[in-house]
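Close look at the chain arrangement
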Amino acid sequence: GAVVSQHPSWVICKSGTSVKIECRSLDFQATTMFWYRQFPKQSLMLMATSNEGSKATYEQGVEKDKFLINHASLTLSTLTVTSAHPEDSSFYICSARDLNRGDTEAFFGQGTRLTVV
Amino acid sequence: GQNIDQPTEMTATEGAIVQINCTYQTSGFNGLFWYQQHAGEAPTFLSYNVLDGLEEKGRFSSFLSRSKGYSYLLLKELQMKDSASYLCAVRDEEDQAGTALIFGKGTTLSVSS
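In this report, we go over the structure that sits alongside the text. Remember, predicted model here, so these are calculated numbers, not experimental data.

It is worth spelling out the sheet that holds strand β8 (residues 76-81) of chain A at this point. By definition, the strands of a sheet pair up through backbone hydrogen bonds, in either a parallel or an antiparallel sense. Residue and element names in this part refer to chain A. The sheet built from 4 strands is open, its strands ordered β1-β3-β8-β7 with antiparallel pairing. The outermost strands of the open sheet, each flanked by one partner alone, are β1 (4-7) and β7 (67-73). Neighbour-to-neighbour, the strand axes of this sheet turn through a mean angle of 15°, independent of strand direction. Sheet analysis places β7 next to β8, joined by 5 bridges and oriented antiparallel. Along β8, the bridge assignment pairs F67 with V81.

Dropping the structure here:
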């Protein structure tokens, strides 16, 4: 299946700093990627839809100025958590679909475990 | 609103069969997915149903009834490595690249020897 790579796998940062997470589609082009957040023992919650060449679409309750999304190319989307606080500690996962292959399922990156101290 | 329900936890023994149920109420429907997720890892795709009926893939089968808003994932010949969280997800709009999946909270399955 299609491969989505996410980096870093885990990161620890100080409160008030910013963290950038990268999501790459390795063997296909993705005009759309999705960013999810998952708290312990909770489901994946959609944060935003990242659109190549245009602004991201954020879900209700997600601060667009805090979670900056950039989708500058067809293979890369980045999520920057700005001025991170301990409550932002979570598991962040991106996903994408390869429509050219006719894939119906979404493929996920490895996820990024963010811990803010 | 969108709602996907599945049991929080289930336990079973090696070699047994377990059925994980999922019910959904969404504004639209364009496919139901099951994913497996081990702790701290990304979900991996297991199955996809868009028409009513049973889809079988090795030890895993998934069933869908659109009229009832109901699906189940059936795992046969359980192995210890099947201990994981199983996520039910629905795509609620037309098959477009811009449509994300809506996930249930997941069912944590514990397989014991």
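Having seen the model, we can carry on.
Summarising the element assignment, R91 of chain B is placed in the loop between β9 (84-90) and β10 (102-103). Given a relative accessible area of 1%, R91 of chain B falls into the buried group.

Turning to unusual backbone geometry, a few remarks are in order. Residues and elements named next belong to chain A. Here the amide bond leading from H7 into P8 is cis, since omega sits at 0°, within 30 degrees of zero. For P8, the location among the structural elements is in the loop between β1 and β2 (10-13). Even without being glycine, K41 reaches a positive phi, approximately 60°. Within the element layout of this structure, K41 appears in the loop between β4 (32-38) and β5 (45-51). Not every positive phi belongs to a glycine, and S83 is a case in point at roughly 45°.

This part takes up the state of the cysteines. What we call a disulfide is simply a covalent bond connecting the sulfur atoms of a pair of cysteines. Enumeration according to the criterion identifies 2 disulfides over all chains in this entry. Each sulfur of the disulfide joining C23 of chain A and C94 of chain A lies 2.0 Å from the other. With the S-S bond torsion at 85°, the cross-link from C23 of chain A to C94 of chain A turns out right-handed. Within this pair, whereas C23 of chain A is found in strand β3 (residues 19-25), its partner C94 of chain A is found in strand β9 (residues 90-96), the two being separated by 71 residues in sequence. Under the relative-accessibility criterion, C23 of chain A is labelled buried at 0%. Paired through a disulfide, C22 of chain B and C88 of chain B show a sulfur-sulfur distance of 2.0 Å. Across the S-S bond linking C22 of chain B and C88 of chain B, the dihedral sits near -70°, which makes this disulfide left-handed. Placement of the pair is C22 of chain B in strand β3 (residues 18-25) and C88 of chain B in strand β9, with a sequence separation of 66 residues. Overall, the relative accessible area of 0% leaves C88 of chain B in the buried class.

Residue and element names in this part refer to chain B. In terms of burial, β9 is a largely internal element, 7 of the 7 residues being buried. Bridge count between strand β4 (residues 32-37) and β9: 6 bridges; the pairing is antiparallel. Residue pairing across strands places Y35 opposite L87, the latter belonging to β9. Sheet analysis places β9 next to strand β11 (residues 107-112), joined by 3 bridges and oriented antiparallel. In the sheet register, Y86 faces β11, and the bridge partner there is T107.

Quick look at the pairing of β8 of chain A now. Residue and element names in this part refer to chain A. The element β8 is largely enclosed, with a buried count of 6 among its 6 residues. Of the two faces of β8, the one holding L76, T78 and T80 and the one holding S77, L79 and V81 are both buried throughout. In terms of strand pairing, β3 meets β8 through 6 bridges, oriented antiparallel. In the sheet register, I21 faces β8, and the bridge partner there is L79.

The rules behind each value
Residues numbered from 1 in each chain as written. Chains lettered and ligands numbered in written order. Predicted model: local features only at pLDDT ≥ 70, side-chain atom pairs only at ≥ 80, totals over all residues. Heavy atoms only, no water. Pairing = 2+ DSSP bridges. Helix = DSSP H or I, 4+ residues; strand = E, 2+ residues; numbered from the N terminus. Axes fitted to C-alpha atoms, helices over the stretch in contact; angles between N-to-C directions. Buried < 20%, exposed > 50% of the residue type's maximum accessible area, 1.4 Å probe, protein only. Disulfide = S-S within 2.5 Å.

By themselves, these figures tell us nothing about what the structure is for.
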